[in-house]
Amino acid sequence: MPFQLWRNITMMVCLDVWSGTPSLITLTRLRLLLKVSLARLFFAIAKRKILQVLDFILELFHLLNAKLYEGCLECRRNSQAKPDFPDLSDAHSIHDPLPLNSREKLILDVEMDMNGGSIDVDRLGIDGSQTTGFSVSLVNQKLNFLSIISSFFPILSLLAWEIMFNLREKENDHKYLKNFLCILSRHPHWSSCRHILDLVASMTDAVNSYENLKFPCSYILDGICCLVASLLLSNGVGTQNTVASSFTKRESEECLTSLGDLVTKVFDNSLFDWYYRAKLVNCLCNFVLLRPQLAQLVIDKLFMLLRDPDYRVRLCLARRIGVLFQTWDGHFELFQDVCSNFGRKLVTSSGEKIVRAHEVLSAGPQPRPIMETIVVTLMHLVLHGEKNRAVFIIYVVASIDPSQRELVSAVLGSLSKETCYTNRTKFLEELMGPILFNWVACGVSLVALVEARGIFASNLEPMNFIKYCCPWLLPALILQEDANSLKWVAKVACQPCAALVKSHFVHIFSVCMAMHCSKKAGWERGSRVLETSILLIVHISEHERDELINKKVFFSVRVGRMLHPLWI
């Protein structure tokens, strides 16, 4: 088709649109014409004649976009208006049964992506003539038009964005608003900060209206998720400048601050189901990556979702919790914040803050789904460097609650593969020192430790397992001066207590000496054990103690550096 002929035909159809309310046939023709226009454009690109076609496409967009979509809106309103029939007494509702002798039949035009009703149904006679004046739905017409406009983004990004935004302001049907927001938010070629601010402002106004009506604003959350993801994609995750490079620093801060306020406001509209709360988790985590300096606005919201009533939301957050440790330093404080926001007491030994086992047991049994998601969350923290503390909590959970042992075994097996160990036994061997020292410090039952030995290795006898633990367990118990537990360990190991302690004297001495030399909190316990406690427990004299030290002093110092948590 010659260019001038195509241009003239296009303008003739446009005149039909401008002359008044367009008919459905005209809208259909115009939609097809726009598709032809795209084909013409791509053909012109191949023939290197793009300029003349592109100029006209620009002009055509300016003239047609509002009229075409407004025409769809007007047709929709007309179809919802009460039809003016000569005699309404002869008309039947589609819900009314037809007389048995009636020759009239119903043909329903049902579209799967719409909410069908009487306004979207044509009643036709048996001979095909229309008997009532209801028009077919314009859902597909409008969606196709949005698709056409969005297809111009790669070549006419600024104009297409402005047209789409202006049409979105005129639309009030939520079925289309979601499509508008997703299209606008997914497009990364914003020419100015003002576009983003306008989009965020329009979504904020919508959230405010929903908040007054107490309705969930799920389609707005879809738009926010797309916008945050597009901002990350446009400049890359993990870079310092995560907003379009054409923006000034002040403009970038203004955009992201407004976006952070919007995310917070949407979170406060807590009427979402589990699916959208899970989407909110991903949105909040992406915002943390987008601008960590402003993410303090949303970090508390993420911690609140750790206590979400639906396990699927908690599981989604467990998989993304590592974002916090990738983004910020201060992992010790972050780990404490995560554990304190689970909403359940956990046995922990973090610095001076110790939660003992009896405190957890006094709270009673915990719901199994909640504990399962806590274990999975801790598993992901192990992968981000919190190995000692997280694995200790996981191990204690399994010892206190036998129903969690199968899950914990699977989790530790998965961690061993992720960290390139042959099995979970090899993975736990490096952590047994810190685990057992914290075990004794937190007052966890040694009986539970032996009962949960299958987590360390299957088919392991209690005697063999307790002997394996003695190099770490005995120094910890002696430092705590827990004589009753020492006797129980000796009984399980089938050895006299004094003989068991003598056989591990090197390990005990090295740990006590290391604690004494550290001058940290509790350092005096190390010297007290060497001076008096060890003599009373083992029933040896000071001279015998000194002989043991002189024989093995060099070896004990080397072993101490390997065993004590100060060097692990």
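Reading guide: rules and limits
- Residues numbered from 1 in each chain as written.
- Predicted model: local features only at pLDDT ≥ 70, side-chain atom pairs only at ≥ 80, totals over all residues.
- Heavy atoms only, no water.
- Helix = DSSP H or I, 4+ residues; strand = E, 2+ residues; numbered from the N terminus.
- Buried < 20%, exposed > 50% of the residue type's maximum accessible area, 1.4 Å probe, protein only.
- Contact = heavy atoms within 4.5 Å.
- Phe/Tyr/Trp six-rings, centres within 6.5 Å; stacked < 30°, edge-to-face > 60°.
- Disulfide = S-S within 2.5 Å.
- Axes fitted to C-alpha atoms, helices over the stretch in contact; angles between N-to-C directions.
- Parallel < 35°, antiparallel > 145°, perpendicular 65-115°, else oblique.
- Left-handed = near helix turned anticlockwise from the far one by under 90°.
- Nonpolar A, V, L, I, M, F, W, Y, C, P; charged D, E, K, R; others polar.
- Core = buried A, V, L, I, M, F, W, Y, C linked by side-chain atoms within 4.5 Å.
- pLDDT = per-residue confidence, 0-100.
- Salt bridge = Lys/Arg side-chain N within 4 Å of Asp/Glu carboxyl O.
- Lys, Arg positive; Asp, Glu negative; His and termini not counted.
- Polar contact = N/O pair within 3.5 Å; in protein donor to acceptor, adjacent residues only side chain to side chain.

1. Considerations on the overall build of the chain
- Scanning the chain from N- to C-terminus turns up 27 helices and 2 strands.
- Put simply, the chain has 568 residues, and 48% of those count as buried.
- Of all intrachain contacts in the chain linking residues separated by at least 6 positions in sequence, the fraction that spans at least 24 positions is 68%.

2. A short note on the packing of aromatic side chains
- Counted under the stated rule, the structure contains 9 aromatic pairs.
- For the ring pair Trp274 and Tyr275, a centre distance of 6.1 Å and an interplane angle of 90° mean the geometry is edge-to-face.
- The class of Trp274 is partly exposed, set by a relative accessible area of 32%.
- Plain terms: the ring middles of Tyr395 and Trp439 are 5.7 Å apart, the flat faces sit at 90° to each other, and that makes the pair edge-to-face. Here Trp439 lies in helix α20 (residues 432-441) and Tyr395 lies in helix α17 (residues 387-400), a separation of 44 residues in the sequence.

3. Concerning the state of the cysteines
- Tallied over the entire structure, the rule returns 0 disulfides.
- Among the cysteines around Cys497, which has no disulfide bond, Cys470 carries the closest sulfur, lying 10.0 Å off.

4. Quick notes on the packing of helix α16 (residues 368-382) against α17
- At a minimum axis distance of 8 Å, the contact between α16 and α17 shows a crossing angle of 155°. Considered as vectors, α16 and α17 are oriented roughly antiparallel to each other. α16 and α17 meet at a crossing whose hand is left-handed. Taken together, the residues of α17 that come into contact with α16 (itself represented by Met371, Val375, Leu378, Met379 and Val382) are Lys387, Ala390, Val391, Ile393, Ile394 and Val397.
- Across the contact of α16 with α17, the residue classes tally to 10 nonpolar, no polar and 1 charged.

5. Quick word on the nonpolar core
- One finds Ile220, Ile224, Leu259, Leu324 and Leu378 to be the most contacted residues of the largest nonpolar core, which totals 155 residues.
- In contact with Leu259, other than residues within four places in its own chain, are Val200, Ile224, Leu227, Val228, Leu231, Phe287 and Leu290.

6. A word on α20
- With respect to burial, α20 is a largely interior element, 10 of its 10 residues being buried.
- Taken residue by residue, α20 has Met432, Gly433, Pro434, Ile435, Leu436, Phe437, Asn438, Trp439, Val440 and Ala441 as its buried positions.
- One or two residues past the end of α20 sits Gly443, with phi positive at roughly 70°.

7. Describing the confidence of the model for the chain
- The pLDDT averaged across the chain works out to 75; a share of 67% of its residues lies at or above 70.
- When pLDDT is averaged over each helix and strand of the chain, the minimum, 54, is found for helix α1 (residues 3-18) and the maximum, 95, for helix α21 (residues 446-451).
- This stretch, residues 82-136, has a pLDDT under 50; its non-local contacts, to residues over four places away or in other chains, come to 67 contacts.
- Confidence drops under pLDDT 50 across residues 237-245; counting only partners more than four residues distant or on other chains, this segment forms 16 contacts.

8. Some points on the environment of Lys345
- Tracing the chain through its elements places Lys345 in the loop between α14 (331-340) and β1 (348-350).
- Residue class for Lys345 comes out partly exposed when judged on its relative accessible area of 47%.
- Separated by 18 residues in sequence, Lys345 and Ala363 have C-alpha atoms that sit 7.8 Å apart.
- Residues within four places of Lys345 in sequence aside, it is in contact with Glu359 and Val360.

9. Things to note about the pattern of salt bridges
- By the definition in use, this model includes 8 salt bridges.
- Arg312 is the salt-bridge partner of Asp310, the closest N and O atoms lying 2.9 Å from each other.
- In this structure Asp310 comes out as buried when scored by relative accessible area, which is 14%.
- Of the residues examined, Arg312 reaches a relative accessible area of 33% and is grouped as partly exposed.
- The residue Lys345 makes a salt bridge to Glu359 at a minimum N-O spacing of 3.5 Å. Highlighted residues: Lys345 in the loop between α14 and β1 and Glu359 in helix α15 (residues 357-362), separated in sequence by 14 residues.
- What makes Glu359 partly exposed here is its relative accessible area of 25%.

10. Some remarks on the packing of helix α12 (residues 311-320) against α16
- Where α12 contacts α16, the axes come no closer than 8 Å and their chain directions differ by 10°. Taken together, the axes of α12 and α16 are roughly parallel relative to one another. Counting all contacts with α12, which are made through Tyr311, Arg314, Leu315, Ala318 and Arg319, the residues of α16 involved are Pro369, Ile370, Thr373, Val376, Thr377 and His380.
- Taken together, the residues that form the contact of α12 with α16 break down as 6 nonpolar, 3 polar and 2 charged.

11. Some points on the side chain of Arg314
- On the secondary structure map, Arg314 appears in helix α12.
- Notably, Arg314 is buried but unbridged: the nearest opposite-charge side chain belongs to Asp308, and the N-O separation is 5.6 Å.
- A polar contact of 3.0 Å, which involves the side chain of Arg314, links it to the side chain of Thr373.
- When residues no more than four places from it in sequence are discounted, the contact partners of Arg314 are Leu305, Leu306, Asp308, Pro309, Pro369, Ile370 and Thr373.

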